[in-house]
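Examination of the molecular architecture
Listed below, chain by chain, are the residues.
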Amino acid sequence: MKIGVLALQGDFAEHRAVLQHLGVEAPEIRLPGQLDELDGLIIPGGESTTMGKLATMFELIKPLRKFGRSKAIWGTCAGAIFLSKDAQREQPLLGLMNITVARNAFGRQSDSFETELVVSELQEPARPFRAVFIRAPVIASVGKNVQVLAKLEQDDEGQEGQIVAARQGRLLATSFHPELTNDPRFHQFFLSLVEGE
Ligand code: GLN
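What counts and what doesn't
Residues numbered from 1 in each chain as written. Predicted model: local features only at pLDDT ≥ 70, side-chain atom pairs only at ≥ 80, totals over all residues. Heavy atoms only, no water. Near = heavy atom within 4 Å. Polar contact = N/O pair within 3.5 Å; in protein donor to acceptor, adjacent residues only side chain to side chain. Areas by Shrake-Rupley, 256 points an atom, 1.4 Å probe, with all protein chains shown as cover. Nonpolar A, V, L, I, M, F, W, Y, C, P; charged D, E, K, R; others polar. Core = buried A, V, L, I, M, F, W, Y, C linked by side-chain atoms within 4.5 Å. Buried < 20%, exposed > 50% of the residue type's maximum accessible area, 1.4 Å probe, protein only. Helix = DSSP H or I, 4+ residues; strand = E, 2+ residues; numbered from the N terminus. Contact = heavy atoms within 4.5 Å. Arc of directions from axis to C-beta.

Things to note about the site of the ligand
Around the ligand, the neighbouring residues are G45, G46, E47, S48, C77, A78, I81, R103, N104, I134, R135 and H177. Here an oxygen atom of the ligand sits 2.7 Å away from a polar atom, N or O, in the main chain of S48. Contacts to the ligand include R103, whose side-chain N or O atom sits 2.7 Å from an oxygen atom. In the complex, 95% of the free accessible area of the ligand, which totals 300 Å², lies under the protein chains. Broken down by class, the residue content of the shell around the ligand amounts to four nonpolar, five polar and three charged.

Notes on the nonpolar core
F176, F186 and F190 are the most contacted members of the largest nonpolar core, which totals 34 residues. Contributing elements (two or more residues each) for this core: β1 (3-6), α1 (12-21), β4 (72-76), β8 (129-134), β10 (147-151), β11 (163-168) and α5 (185-195). Ranked by residue count, the leading element in this core is α5, at six residues. Apart from residues no more than four positions distant in its own chain, F190 is found in contact with I3, L41, I42, A72, I73, W74, R170 and L172. Judged by nonpolar contacts, the second largest core, of 33 residues, contains L35, A80, M97 and V146.

Digging into α1
Every α-helix winds through 3.6 residues per turn, so residues three or four apart in the chain are directed the same way. Listed as buried for α1 are F12, H15, V18 and L19. On an axial view of α1, the arc spanned by its buried residues comes to 125 degrees, and they lie on one face. The secondary structure elements touched by the buried residues of α1 are β1, β2 (28-29), β3 (40-43), β4 and α5. Two residues or fewer past α1, G23 is found with a positive phi of approximately 80 degrees.

And the structure:
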């Protein structure tokens with residue numbers, strides 16, 4: 001299996017390290033032609049506006065859209081924003097996933113934080129997943145054919161927690177960074193989408 005990691009910008013090296021640890025070939029992707037040989041693609045965290053501009057310059061927007069219509073793509077954080085249909089502002093997006101995201105949703109004082117998520121689709125679902133959020137977006141709403149995979153806990157007033165992971169067929173979006181903790185279960189889950197259940 002070959003999973004490319006979009007390497008225009010952001011923390012692509014960390015994703016490659018997890019994939020390689022799982023025994024998966026993980027080339028860095030910068031050119032449209034490199035998509036042809038892949039089974040799936042990860043779009044890392046970084047800065048989504050910059051990533052979108054670079055993808056436009058490298059003429060990757062159309063090839064990435066085409067790729068995502070038949071193959072698996074996982075976007076983490078900025079990558080999830082780039083995958084979305086709507087980021088509530090003007091910036092280049094792939095528009096593949098039927099989700100609306102709210103960028104930098106956690107305000108200044110808590111720009112970065114960690115929390116535990118219970119994700120029933122992962123292996124060993126009873127063991128919480130430690131999730132690292134860095135100037136993270138939330139998934140403000142999901143549209144047709146999108147399955148919510150993880151939410152933050154309810155707040156003290158019982159207000160429903162925000163959506164931080166979702167799936168639409170073989171497309172996966174997470175607000176947080178599973179490549180930064182030593183828990184490969186999200187990567188394994190993505191590999192199961194690549195293989196197609
Ligand atoms: N704040 C960034 C953005 O809006 C995302 C941050 C990240 O990828 N860690 O693009």
